[in-house]
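Overview (structure and organization)
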Amino acid sequence: MASISGICSSSPTLQKFQNQPPALTNTLRKEHVAFPARRVDRSLSLTTHSVAREVPAEVFDGAAVATEKKGLVKDPHALWQRYVDLLYQHKELGLYLDVSRVGFTEEFVKKMESRFQVAFRTMEELEKGAIANPDEGRMVGHYWLRDPKRAPTSFLRTQIENTLDAVSKFAHDVVSGKIKPPSSPEGRFTQILSVGIGGSALGPQFVAEALAPDNPPLKIRFVDNTDPAGIDHQIAQLGPELASTLVIVISKSGGTPETRNGLLEVQKAFREAGLNFPKQGVAITQENSLLDNTARIEGWLARFPMFDWVGGRTSEMSAVGLLPAALQGIDIREMLAGASLMDEANRSTVLRNNPAALLALCWYWATDGVGSKDMVILPYKDSLLLFSRYLQQLVMESLGKEFDLDGNRVNQGISVYGNKGSTDQHAYIQQLREGVHNFFVTFIEVLRDRPPGHDWELEPGVTCGDYLFGMLQGTRSALYANNRESITVTVQEVTPRSVGALIALYERAVGIYASLVNINAYHQPGVEAGKKAAGEVLALQKRVLAVLNEASCKEPVEPLTLEEVAERCHAPEDIEMIYKIIAHMAANDRALIAEGSCGSPRSIKVFLGECNIDELYA
Ligand SMILES: O=P(O)(O)OC[C@H]1O[C@H](O)[C@H](O)[C@@H](O)[C@@H]1O
């Protein structure tokens with residue numbers, strides 16, 4: 001068995017805890033012990049041979065690597081050895097990755113080695129500017145955002161650097177009051193209203209929840225849907241502070257319907273409050289998009305570019321995430337630094353030294369490379385509450401694809417859900433512990449419970465944080481005892497640097513995993529289909545309204561049956577959708593159900609209220 005070299009065992013403190021995992025030892029000693037970031041000569045070792053070997057130009061058959069699942073290691077001593085042997089530690093970030101509770105075998109790792117080498121080379125080409133998103137003919141450049149010199153051209157490098165400088169300067173000028181709203185009692189901006197959806201919301205939401213200080217210079221809230229009641233709620237909560245609200249409208253495409261609706265609703269609220277929206281509006285979008293042109297023509301306060309080589313779900317390190325974060329007083333340079341350090345670690349072509357590759361290895365093993373199990377994300381830290389929701393888009397929109405790169409129908413993906421611990425132990429962890437075994441867990445552990453000097457023992461020798469720690473460890477052990485596998489990602493505390501590193505870790509793991517299963521992680525064809533279908537429903541609604549309006553303008557008013565409406569819309573096959581459209585309109589007082597025709601949908605007769613065709617198409 002390997003010896004653990006590098007941990008000095010002279011200090012009595014250490015000897016007492018000789019067998020403690022390095023993380024605990026480091027914490028106990030309150031200093032970084034020279035724990036070997038890389039170990040050599042291990043018995044249970046992941047494949048460590050160099051990349052010098054020419055990687056076979058393998059054509060993937062897309063099938064999972066056939067590996068029978070042996071029983072999990074249960075002997076405590078063997079498990080401890082597995083833990084130590086497999087523990088990945090990024091000393092500078094203080095980030096550890098424990099994959100010992102995932103049962104992959106050395107045989108499996110050896111089988112996967114050549115695929116990983118191809119994945120590493122694919123990622124290297126991607127970072128050099130290859131068209132890594134072939135379906136849309138685009139480069140994939142989110143890694144360049146935190147290391148601009150890696151961008152393939154000086155033009156792109158300059159764009160990245162200039163945008164970062166512009167974001168930093170604008171945020172500084174707003175927070176300092178140099179840029180202020182035209183008419184607000186506070187004399188400065190105090191609120192941010194972010195209007196965006198998907199990747200134009202989830203990253204900023206996750207980071208705000210994780211990193212915003214208790215009293216940020218500007219407090220952020222989100223309109224991330226086309227729910228009128230939700231929009232009304234946000235505007236009502238702003239109240240008179242609408243006058244000191246900076247509205248940031250985020251849309252890479254500049255044409256997403258939900259975002260456009262949110263903008264129109266917010267602009268209506270500004271008009272009704274007698275406020276001048278353009279003086280409080282900021283747009284973050286691709287240059288010359290509909291949104292960009294609107295903001296330019298209307299003279300909005302500021303516009304920041306999004307780039308076609310940054311996907312929505314990987315845009316947190318672009319102006320999309322950096323501007324809202326900076327306005328909340330979050331150190332965006334530290335976020336970028338954490339991501340950059342993690343990126344560098346993930347460029348290793350030695351699997352066991354590459355944390356993103358280790359994650360991808362675990363995902364492939366646990367889900368047989370076909371998504372056979374769900375990924376449960378369990379941060380034991382309130383501030384990381386939205387990490388699972390952020391990863392839902394990053395993982396599922398990247399991996400959830402019908403076809404692979406060779407055109408085979410694979411229906412790939414890994415489902416993601418989660419919330420936070422220990423809260424979820426009082427919700428669904430009962431099923432995880434004993435129920436259907438259709439998942440693997442990723443614990444996110446944060447070692448620092450409270451800032452130094454703020455801890456408090458609620459009973460002798462025990463703090464609240466000890467309970468949280470104990471609940472995590474207890475749940476991890478209880479799941480493993482029942483053969484439920486888990487990964488643990490440990491950070492010292494939640495900081496801009498560790499959050500940046502976590503984002504980078506998962507962005508890269510998704511990219512590597514996509515290579516392993518031979519799919520394009522960077523497009524989202526299914527979303528376009530959904531947008532198209534929604535458009536068809538709205539088009540049908542307009543036809544229904546026209547038919548009802550015409551019938552309602554007759555004297556006497558002529559209530560129509562559903563069949564008559566469908567016939568007059570020339571859409572008899574859409575009668576059910578027509579019924580649903582009418583039911584929704586009636587619930588909102590925009591259509592009237594004739595007396596006595598309630599009950600079965602077959603019986604209703606409907607006509608319009610007091611409205612004419614001009615209002616319909618105003
Ligand atoms: O930023 P936008 O262009 O408005 O797009 C917002 C979202 O729209 C779609 O749902 C895409 O699939 C997402 O990846 C994107 O984040």
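Above this text is the structure in question.
Residues numbered from 1 in each chain as written. Predicted model: local features only at pLDDT ≥ 70, side-chain atom pairs only at ≥ 80, totals over all residues. Heavy atoms only, no water.

A tally of regular secondary structure across the chain gives 20 helices and 16 strands. Excluding contacts between residues fewer than 6 apart, the proportion of contacts in the chain whose partners are at least 24 apart in sequence is 73%. With the model as given, the accessible surface of the chain reaches about 27,200 Å², and the carbon-plus-sulfur share is 53%. (Helix = DSSP H or I, 4+ residues; strand = E, 2+ residues; numbered from the N terminus. Contact = heavy atoms within 4.5 Å. Areas by Shrake-Rupley, 256 points an atom, 1.4 Å probe, with all protein chains shown as cover.)

Attention now goes to the environment of Asp574. On the secondary structure map, Asp574 appears in the loop between α18 (562–568) and α19 (575–587). Of the residues examined, Asp574 reaches a relative accessible area of 28% and is grouped as partly exposed. In the structure, Asp574 is positioned eleven residues away from Glu563 in sequence and 10.0 Å away in space, judged by C-alpha atoms. (Buried < 20%, exposed > 50% of the residue type's maximum accessible area, 1.4 Å probe, protein only.)

So, about the pairing of strand β5 (residues 245–251). Across the seven residues that make up β5, a large majority, seven, are buried. Burial of β5 is two-sided: the residues Thr245, Val247, Val249 and Ser251 facing one way and the residues Leu246, Ile248 and Ile250 facing the other way are all buried. Pairing geometry for strand β3 (residues 191–195) and β5, over five bridges, is parallel. From the neighbouring strand, Ser194 faces β5, where its bridge partner is Ile248. Summarising the sheet, β5 and strand β6 (residues 281–286) pair through five bridges and their orientation is parallel. Among the inter-strand pairings, Val249 is bridged to a residue of β6, identified as Ala283. In this fold, β5 hands off to helix α8 (residues 257–272), which returns the chain to β6; that crossover is right-handed. (Pairing = 2+ DSSP bridges. Right-handed = clockwise from strand over helix to strand, strands pointing away.)

Moving on, we get to the sheet that holds strand β9 (residues 416–418). Taken in spatial order, the six strands of this open sheet run β1-β2-β13-β10-β8-β9, and their pairing is mixed. Every other strand in the sheet has two partners, leaving β1 (88–90) and β9 as the edge strands with one partner each. Averaged over all pairs of adjacent strands, the angle between strand axes in this sheet comes to 15°, irrespective of strand direction. Relative to β9, helix α13 (residues 387–399) is tilted by about 175°, and along the sheet it contacts β8 (374–379), β9 and β10 (439–446). With respect to the sheet, helix α15 (residues 464–481) is in contact with β2 (95–98), β10 and β13 (486–491), its orientation differing from that of β10 by roughly 155°. (Axes fitted to C-alpha atoms, helices over the stretch in contact; angles between N-to-C directions.)

All right, on to a nonpolar patch on the surface then. A surface patch of nonpolar side chains, amounting to about 330 Å² of accessible area, comprises Trp456, Leu458 and Tyr467. With respect to the helices and strands, Trp456 occurs in the loop between β10 and β11 (457–459). According to the relative accessible area criterion, Trp456 is exposed, its value standing at 55%. (Patch = residues over 30% accessible without salt bridge, like charges linked within 9 Å, V, L, I, M, F, W, Y side chains within 5 Å. Salt bridge = Lys/Arg side-chain N within 4 Å of Asp/Glu carboxyl O.)

In this section: the site of the ligand. The local shell around the ligand holds 14 residues, among which Ser200, Ser251, Ser253, Thr256 and Glu397 are the closest. In the environment of the ligand, an oxygen atom lies 2.7 Å from a nitrogen or oxygen atom belonging to the side chain of Ser251. Its free accessible area being 390 Å², the ligand has 87% of it covered by the protein chains. Here the shell around the ligand is built from residues that sort into two nonpolar, nine polar and three charged. (Near = heavy atom within 4 Å. Polar contact = N/O pair within 3.5 Å; in protein donor to acceptor, adjacent residues only side chain to side chain. Nonpolar A, V, L, I, M, F, W, Y, C, P; charged D, E, K, R; others polar.)

So, on to the nonpolar core. Membership of the largest hydrophobic core comes to 114 residues, with the highest contact counts inside it found for Phe104, Phe116, Phe206, Leu323, Trp363 and Tyr506. Examining the composition of this core, we find that 13 residues originate from one element, helix α16 (residues 496–516), more than from any other. Non-local contacts of Trp363, meaning those with residues more than four positions away in its chain, are made with Asp368, Met375, Ile414, Phe440, Ile487, Tyr506, Ala509, Val510 and Tyr513. (Core = buried A, V, L, I, M, F, W, Y, C linked by side-chain atoms within 4.5 Å.)

Now for α16. In this model, α16 (21 residues) spans 30 Å end to end at C-alpha, consistent with the 30 Å of a helix rising 1.5 Å per residue. Within α16, 20 of the 21 residues are buried, which leaves it mostly tucked inside the rest of the structure. Where α16 terminates, the next one or two residues include Asn518, which has phi positive at roughly 60°. (Expected span 1.5 Å × (residues − 1).)

Under the counting rule described, the total for this entry stands at 27 salt bridges. Of the charged contacts in the structure, one is a salt bridge between Arg313 and Glu397, with a shortest N-O distance of 2.8 Å. Within this pair, whereas Arg313 is found in the loop between β7 (302–306) and α10 (319–327), its partner Glu397 is found in helix α13, the two being separated by 84 residues in sequence. With a relative accessible area of 6%, Arg313 lands in the buried category.

This part is about the packing of helix α4 (residues 106–127) against helix α12 (residues 355–367). Their axes nearest at 11 Å, the elements α4 and α12 cross at an angle of 125°. With respect to their mutual orientation, α4 and α12 come out oblique. Classified by chirality, the crossing of α12 by α4 is right-handed. Packed against α4, whose contacting residues are Phe108, Val109, Met112, Arg115, Phe116 and Phe120, the element α12 presents Ala357, Ala360, Leu361, Tyr364 and Trp365 at the interface. (Parallel < 35°, antiparallel > 145°, perpendicular 65-115°, else oblique. Left-handed = near helix turned anticlockwise from the far one by under 90°.)

As a further point, take helix α6 (residues 202–211). In terms of burial, α6 is a largely internal element, nine of the ten residues being buried. Among the residues making up α6, those that are buried are Leu202, Gly203, Pro204, Gln205, Phe206, Val207, Ala208, Ala210 and Leu211. If you follow the buried residues of α6, they end up packed against β4 (219–223), α10, α11 (332–345), α13 and α16.

The next thing to look at is the side chain of Arg352. Looking at the element boundaries, Arg352 is found in the loop between α11 and α12. An unpaired buried charge is present at Arg352: no salt bridge exists, and Asp85, the closest side chain of opposite charge, is 7.4 Å distant. Only 3.2 Å separates the side chain of Arg352 from the backbone oxygen of Asp85, close enough to count as a polar contact. A polar side-chain atom of Arg352 sits 3.2 Å from the main-chain carbonyl oxygen of Leu87. (Lys, Arg positive; Asp, Glu negative; His and termini not counted.)

The three strands lie next to each other as β14-β16-β15, forming an open sheet whose pairing is antiparallel. Each edge of the open sheet carries a strand with a single partner, namely β14 (560–561) and β15 (592–593).

Taken across its five residues, β7 has four buried, putting it largely inside the fold. The pairing of β6 with β7 spans five bridges and is classified as parallel. The partner of Val282 across the bridge, within β7, is Ala302. For the crossover that starts at β6, traverses helix α9 (residues 290–298) and ends in the parallel β7, the hand is right-handed.

In this structure, Arg146 sits in the loop between α4 and α5 (154–176). Judged by relative accessible area, which is 6%, Arg146 ranks as buried. Dropping the residues within four chain positions of it, Arg146 is found in contact with Met317, Leu336, Ala339, Ser340, Asp343, Ala504 and Glu507.

Below, the discussion takes up unusual backbone geometry. Of note, the amide linkage connecting Gly421 to Ser422 takes the cis form, showing an omega dihedral of 10°. Tracing the backbone through its elements, the reader meets Ser422 in the loop between β9 and α14 (429–434). Backbone geometry at Asp368 places phi at a positive 60°, although glycine is not the residue there. Under the relative-accessibility criterion, Asp368 is labelled partly exposed at 31%. Notably, Asn483 is not glycine yet its phi reads approximately 65°, a positive angle. Looking at the secondary structure, you find Asn483 in the loop between α15 and β13. Among the residues examined, Asn483 registers a relative accessible area of 37% and is labelled partly exposed.

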